[in-house]
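Okay, here's what each chain looks like letter by letter:
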Amino acid sequence: MGKRFESREPAHESSQFVKGVGPSRQVLLSRLGIETVEDLISHFPRDYYDRSNFVKIAAAGDGRSVTFTAFVLAASLRRLGGGRSIFTVAVGDETGTINLVFFNQPYLEKQFKQGLRIIASGTVKQYRGKPQIIAPEYEFVTGDLDEFLLHTGRITPVYPLTAGISQRMMRRIVKSALDKCRGMMRENLPDELVISQGFMGREESFEQVHYPESWKKLELARRRFKFEEIFFLHLLIRDRRASFSRGKPRPQMPPPYPMLDRLLGNLPFELTSAQKRVLDEVKRDMGSDSGLGRLIQGDVGSGKTVVGLAAMVLAVEKGFQAALMVPTEILATQHYERIESYLEGFPVNTAILIGSMKKSEKERVLDDLKSGGIDMIVGTHALIQERTEFHQLGIAIIDEQHRFGVKQRAKLGSGDLVPHFLVMTATPIPRSLAQTVYGDLDLSMIDELPIGGRKVVTQVVEPAERGDMYETVRRAFASGQQAFILYPLVTESENTDLQAATGGFEILQKGELKDFPLGLLHGRMSFEEKSKAIEMFRRGEIAGLVTTTVIEVGVDIPNASIMIINNPERFGLAQLHQLRGRVGRGGNEGACYLLRSENTGPGGAGRLEFFASTDDGLKVAEEDLRLRGPGEIWGFRQSGYPLFRLVNPLSDHDIVQKSWKVSGRLLGGDPGLEKPENKVVSRYYRLYYKRKMKIPEIG
Ligand code: ADP
Ligand code: MG
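Cut-off values and rules
Residues numbered from 1 in each chain as written. Chains lettered and ligands numbered in written order. Predicted model: local features only at pLDDT ≥ 70, side-chain atom pairs only at ≥ 80, totals over all residues. Heavy atoms only, no water. Helix = DSSP H or I, 4+ residues; strand = E, 2+ residues; numbered from the N terminus. Contact = heavy atoms within 4.5 Å. Areas by Shrake-Rupley, 256 points an atom, 1.4 Å probe, with all protein chains shown as cover. Core = buried A, V, L, I, M, F, W, Y, C linked by side-chain atoms within 4.5 Å. Buried < 20%, exposed > 50% of the residue type's maximum accessible area, 1.4 Å probe, protein only. Near = heavy atom within 4 Å. Polar contact = N/O pair within 3.5 Å; in protein donor to acceptor, adjacent residues only side chain to side chain. Nonpolar A, V, L, I, M, F, W, Y, C, P; charged D, E, K, R; others polar. Pairing = 2+ DSSP bridges. Axes fitted to C-alpha atoms, helices over the stretch in contact; angles between N-to-C directions. Phe/Tyr/Trp six-rings, centres within 6.5 Å; stacked < 30°, edge-to-face > 60°. Expected span 1.5 Å × (residues − 1). Arc of directions from axis to C-beta. Parallel < 35°, antiparallel > 145°, perpendicular 65-115°, else oblique. Left-handed = near helix turned anticlockwise from the far one by under 90°. Salt bridge = Lys/Arg side-chain N within 4 Å of Asp/Glu carboxyl O. pLDDT = per-residue confidence, 0-100.

1. Some points on the overall build of the chain
- Across its full length, the chain holds 25 helices and 21 strands.
- Across the chain, contacts joining residues at least 24 apart in sequence account for 73% of those joining residues at least 6 apart.
- Roughly 30700 Å² of accessible area belongs to the chain as shown, and the carbon and sulfur atoms make up 51% of that amount.

Here you go:
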């Protein structure tokens, strides 16, 4: 077997056998996803120290991001109770002193001994007239500083670490791995491409990305790896797309659509022009032989549901089944009820399928789906369980896609026919990123809110202003308004003062909101209990619904006008935007209060202020992307797709574009990557990349 021969390459050996690793350190490396030598040398530095860039402390001005060396002068640990603490270390050089501040890490007291030398970096803030850095990066310098820096070269790599592996240890290990591979690294891009794009060669890039001779060479190495990163992802996406629809037609559904027209005429409102435009795109696709594969983005409240419903009705009137999959049971129920009311008097058999239904009920629904007795189904993940079979699925829609993985998406379409496919999301995805991860979908945007749409004023509330805020809420309750009161966790956990929904409920009921009926809704309740709480809230029988993120997406209760979010620091911006999208519907102006908790440091306040200053979902998403990277926001972590390590889909737009083009051209001319000049690509793709990414097979 050729494979055994090929894997002699040092890069494909286990990282355990690299000098300085061994079985126990290998366990630690595995936590960083490092299993092979190639993984190890692909563990890129997250930063670099450069002696020529060190500043003197006196020059570390407010707001500057700096790196410097200094000696530990004094340290003090202040315990605040409840496991919270502030540890402050004064460090200094010959020009001045600066404080390093750490929250809730009391064990650091043992490490920062007076007289030790450190390298630290971070952003300087003035606090009570003194410079400080909150949560700096730091490293203790043992031995002579010059030697410390020299033994690693002039520009010193700083690696992402895991507990048990120090910066120095990681440097040593990566260096051994590089030594082991020297002269034996294989290229994985076609020569022609390397030359025409002016890329640095692969082996040299590995050397330079870890131990750059100059910033210029580092930049070249990084550029090459960025391209590599996105290029193999693009090959993967194109590969998937081809295997998804290989040889299978999408059902063609040409006009006319009398039933759809009647539905639209029956709606209690007229579609906005953005809704009309997107629906036209959908109709055009479904009527053509290329079919529909589209991502619809539209801010919270832009009216995506109706567009989805229209597409489903279109498929049903052409004799096919339609399925709508949503992330939560609450949302499934809400969509189902709304769809039923829109479809009253229409010859469409609708059904719902959610996990909490009785087994016998589910069986009946599954039978009817298979026989064709059901035309339109709304459901949760329950829809894509193993046994689900459709009679003739014509369209599959996924609402709030960011909550689903790509794998689920593939599952809905695994029949003889490839159904039309629509994804809807309220978390806008910047175009270059969408092109990357949803490279196989067309993009539509509902960029207009219905008249009287959504209006929310957002305010950051400091702990001291809590009483005033509740006074405002009581007045609002007295005038018939309703509020969601949101907590991040379900139960109180040790060492945090995050109030759980249950705890918060009791406190509010006895305290600030004791004169008003409150309800409780969280993920651990049964579906019946949840539905009951929502129903009571919808009917106005409770004024305040104390809840968790179970209401994050899609829940539509027009009368609720206030959203109070406890511990907003805990949420990503895109998620906060979803949450505030629950209020200010139905023409009422909404208020969103971000109730800051006491124990978080000053960090993060700027983020919340930014959020309060804009109600533009796209701006919020871009900022969130900048702060957190794409992994968290659109659920790529669950998606089966790798996260980006070097590529920033916003600022590296040109690389993304180039890679998309090049990958298309390459596969277009050589679909199986069998030409001699493309062997290097397919070899890497098969031997390393695909396995590394643990790509689920789809069929
Ligand atoms: P989202 O895009 O967030 O999923 P929904 O589809 O839930 O938004 O719609 C939000 C609300 O706006 C719903 O109550 C819906 O009935 C209403 N709506 C949708 N389209 C229009 C429209 N063109 N005019 C008025 N109201 C609309
Ligand atoms: Mg929605």
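2. Quick look at the nonpolar core
- Counting 69 residues, the largest nonpolar core has Met 286, Leu 309, Met 312, Leu 343, Met 376, Ile 377 and Ile 395 as its most contacted members.
- The dominant element in this core, judged by the number of residues it contributes, is helix H11 (residues 304-317), at ten residues.
- Apart from residues no more than four positions distant in its own chain, Met 286 is found in contact with Pro 251, Gln 252, Met 253, Leu 292, Ala 311, Leu 314, Ala 315, Ile 395 and His 420.

3. Quick look at the site of ligand 1
- Taken together, 17 residues lie near ligand 1, and Glu 270, Gln 275, Gly 301, Lys 304 and Thr 305 sit nearest.
- Here an oxygen atom of ligand 1 and a side-chain polar atom of Thr 305 are 2.7 Å apart.
- A distance of 3.4 Å separates an oxygen atom of ligand 1 from a polar side-chain atom of Arg 338.
- Protein burial of ligand 1: of its 560 Å² of free accessible surface, 83% is covered by the chains.
- At the level of secondary structure, the elements contributing two or more residues to the shell around ligand 1 comprise H11 and helix H12 (329-342).
- Considered class by class, the residues forming the shell around ligand 1 number five nonpolar, six polar and six charged.

4. Topic: the sheet that holds strand E12 (residues 376-379)
- A sheet is described by the order of its strands in space; here seven strands give the open sequence E11-E12-E10-E13-E14-E9-E15, paired in parallel fashion. Only two strands of the sheet have a single partner each, and these edge strands are strand E11 (350-353) and strand E15 (442-446). On average, each strand axis in the sheet is inclined to that of its neighbour by 20 degrees, with strand direction left out of account.
- Taken together, the five bridges between strand E9 (residues 293-298) and E15 define a ladder with parallel strand orientation. Each residue of the ladder has a partner; that of Arg 294, found in E15, is Asp 442.
- Along the sheet, H12 contacts strand E10 (321-325), E11, E12 and strand E13 (393-399); its crossing angle with E11, the most-contacted strand, is approximately 175 degrees.

5. Here we look at the packing of aromatic side chains
- Per the stated rule, a full pass over the model turns up 20 aromatic pairs.
- Residues Tyr 48 and Trp 215 carry aromatic rings whose centres are separated by 6.3 Å and whose planes lie at 85 degrees to one another, so their mutual orientation is edge-to-face. One end of the pair, Tyr 48, is in strand E1 (residues 47-50); the other, Trp 215, is in helix H8 (residues 215-245), and 167 residues separate them in sequence.
- Judged by relative accessible area, which is 36%, Trp 215 ranks as partly exposed.

6. Digging into helix H18 (residues 527-538)
- Helix length check: H18, at twelve residues, gives a terminal C-alpha distance of 16 Å against a target of 16 Å (1.5 Å per residue), a fit within 8%.
- Of all the residues in H18, the buried ones are Phe 527, Lys 530, Ala 533, Ile 534 and Phe 537. Mapping the buried residues of H18 onto a view down its axis gives an arc of 130 degrees, with all of them on the same face. Facing away from the buried side of H18, by more than 90 degrees, are the exposed residues Glu 528 and Lys 532.

7. Some words on the environment of Leu 271
- Examined against the element boundaries, Leu 271 turns out to sit in the loop between helix H9 (258-266) and helix H10 (273-287).
- Overall, the relative accessible area of 10% leaves Leu 271 in the buried class.
- Along the primary structure Leu 271 and Gly 303 are separated by 32 residues, whereas in three dimensions their C-alpha atoms are 8.6 Å apart.
- What Leu 271 contacts, discounting residues up to four positions off in sequence, is Leu 264, Lys 276, Leu 279 and Val 306.

8. Here we look at the sheet that holds strand E16 (residues 455-461)
- What the six strands build is an open sheet, ordered E16-E21-E20-E17-E19-E18; its pairing is parallel. Single-partner strands in this sheet number two, and they are E16 and strand E18 (518-521). Mean inter-strand twist for the sheet, computed between neighbouring axes without regard to direction, equals 20 degrees.
- For strand E20 (residues 560-566) and strand E21 (residues 589-595), the ladder comprises five bridges, and the chain directions are parallel. Paired with Met 563 across the two strands is Cys 592, which belongs to E21.
- Lying over the sheet, helix H17 (residues 501-510) contacts strand E17 (482-486), E18 and strand E19 (544-547), oriented at roughly 175 degrees with respect to E18.
- Strands E17, E18, E19 and E20 of the sheet are contacted by H18, whose axis makes an angle of about 145 degrees with E18.

9. Considerations on the packing of H10 against H11
- Axis separation between H10 and H11 bottoms out at 10 Å; the angle between their running directions is 30 degrees. With respect to H11, the axis of H10 lies roughly parallel. Regarding H10 and H11, the two cross each other, and that crossing is right-handed. In contact with Gln 275, Val 278, Leu 279, Val 282, Lys 283 and Met 286 of H10, H11 contributes Val 307, Ala 310, Ala 311, Leu 314 and Ala 315.

10. A few points about the environment of Thr 156
- Mapping Thr 156 onto the fold places it in strand E8 (residues 155-158).
- Thr 156 sits 109 residues away from Asp 47 along the chain, and the two C-alpha atoms are 8.5 Å apart.

11. Some points on the pattern of salt bridges
- Going through the model one piece at a time under the given rule, you end up with 28 salt bridges.
- The partner of Glu 228 in a salt bridge is Arg 224, and the shortest N-O contact between them spans 2.8 Å. Here Arg 224 and Glu 228 lie together in helix H8, a separation of four residues that amounts to about one turn.
- In this structure, Arg 294 and Asp 285 form a salt bridge, with 2.8 Å as the shortest nitrogen-oxygen distance.
- Of the residues examined, Asp 285 reaches a relative accessible area of 6% and is grouped as buried.
- Among the charged side chains, a network of salt bridges with common partners joins Glu 38, Glu 187, Arg 202, Arg 224 and Glu 228.

12. Observations concerning unusual backbone geometry
- Going from Pro 255 to Pro 256, the amide bond is cis rather than trans, its omega being 10 degrees.
- Even without a glycine there, the phi angle at Arg 128 is positive, about 50 degrees.
- Although it is not a glycine, Leu 673 sits at a positive phi angle of roughly 50 degrees.
- When you line up the elements, Leu 673 lands in the loop between helix H24 (653-669) and helix H25 (679-692).
- Leu 673 gets classed as buried once you look at its relative accessible area, which sits at 7%.

13. Concerning the confidence of the model for the chain
- Mean pLDDT for the chain: 84, with 85% of residues reaching 70 or above.
- Every residue in residues 637-641 is under pLDDT 50, and counting partners more than four places away or in other chains gives 17 contacts.
- Counting interchain partners and residues more than four positions distant, the pLDDT-below-50 stretch residues 695-699 has 13 contacts.

14. Considering the environment of Gly 298
- Among the secondary structure elements, Gly 298 is positioned in strand E9.
- Gly 298 gets classed as buried once you look at its relative accessible area, which sits at 4%.
- Aside from chain neighbours lying at most four places away, what touches Gly 298 is Lys 304, Thr 425, Ala 426 and Ile 446.

15. A few points about the packing of H9 against H11
- Put simply, H9 and H11 touch, their axes get as near as 8 Å, and they point 145 degrees apart. In the packing of H9 onto H11, the handedness of the crossing is right-handed. Here H9 contributes Pro 258, Met 259, Leu 260 and Leu 263 to the contact with H11, which in turn contributes Leu 309, Ala 310, Val 313, Leu 314, Val 316 and Glu 317.

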